[in-house]
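Spelled out, the chains give:
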Amino acid sequence: MKYEKEVSGMYLSGHPMAKYQTLAEKLHCARISDIINEEEKSFKDNDRVLLLGMIASVKKKITKNDSTMAFLDFEDTSGGVEIIVFPKILAENAQMLIEGNILLIHGRVSLREDEDAKIVCEAVEPCPSENAVAEKKQDKKKAKGLFLRFDSDNSPQIELCRRLLAIFDGNTPLFYYFSDTKKYVNNPIRQGIDVNPVLLRELRNLLGDSNVIYNQ
């Protein structure tokens, strides 16, 4: 569905993303205004972000290698940002990357001196329903295993935890959760864990109580 704008750039019936604000909050999506605001500096170059928004326009360009890449004008209720989609991602998601579509974009912030902030697209998902998000969260709560939360997959704490976990080989499933991408990784060190009070105490000392969850 396409939405008409007045000459001033305002939507005739309110911004189409307004009804998705609650869903964006549940998904912990970044606000575009926080990314493009140079004064607040809420984000740094190369930070990973998740955005829920609408494609306002699509421009395509042929590269030197005769491949096609795209530049999206992407909007939420707070503002708009350009999203760069390289050929491989474009080819995999061409049917979704259409003007008017509302999507989840996984990407990295690109901040360059004397240039507007941009997002480099890493993955694309269709917009989920609120019911699907609630069910997914409920399923994760029910899942059995040891869950460890890190800021990102580059966190220095990961290696410290791996050394500790290697001592306690067992059968309990292990999961890593990365806060920046909101993604779970199943069995990242290719082993099950023998969960015991000593292991839990040491992990909580390393990561903090709230970042170590054991569902029996």
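Just above sits the structure.
Model, not experiment: these values are computed from the prediction.

What counts, and at which threshold
- Residues numbered from 1 in each chain as written.
- Predicted model: local features only at pLDDT ≥ 70, side-chain atom pairs only at ≥ 80, totals over all residues.
- Heavy atoms only, no water.
- Buried < 20%, exposed > 50% of the residue type's maximum accessible area, 1.4 Å probe, protein only.
- Helix = DSSP H or I, 4+ residues; strand = E, 2+ residues; numbered from the N terminus.
- Pairing = 2+ DSSP bridges.
- Core = buried A, V, L, I, M, F, W, Y, C linked by side-chain atoms within 4.5 Å.
- Contact = heavy atoms within 4.5 Å.

Draft legend 1. Molecular detail of the pairing of strand S6 (residues 145-150). Across the 6 residues of S6, 5 count as buried, placing the element largely inside the fold. Of the strand pairs in this sheet, S6 and strand S8 (residues 174-178) are connected by 5 bridges, and their pairing is parallel. Pairing of Phe150 across the sheet is with Phe178, part of S8.

Draft legend 2. Structural view of the nonpolar core. Counting residues in each nonpolar core, the largest one holds 22 residues, and the members touching the most others are Ile35, Leu51, Phe74, Ile83, Val85, Leu97 and Ile119. The set of elements that each furnish at least two residues to this core consists of helix H2 (32-36), strand S1 (48-62), strand S2 (68-76), strand S3 (79-85), helix H3 (87-93), strand S4 (102-110) and strand S5 (118-126). When near neighbours in sequence (up to four residues on either side) are disregarded, Ile35 contacts Ala30, Phe43, Val49, Leu51, Val109, Ala117 and Ile119. Grouped together as the second largest cluster of nonpolar side chains are 18 residues, Leu146, Cys161, Ile193 and Val212 included.

Draft legend 3. The arrangement of the environment of Ala70 in detail. Mapped onto the elements, Ala70 comes out in strand S2. On the accessibility criterion, Ala70 (1% relative accessible area) is buried. Sequence spacing of Ala70 and Ile83 is 13 residues, and the spatial spacing of their C-alpha atoms is 8.2 Å.

Interpretation note: all reported values are geometric properties and have no functional meaning in isolation.
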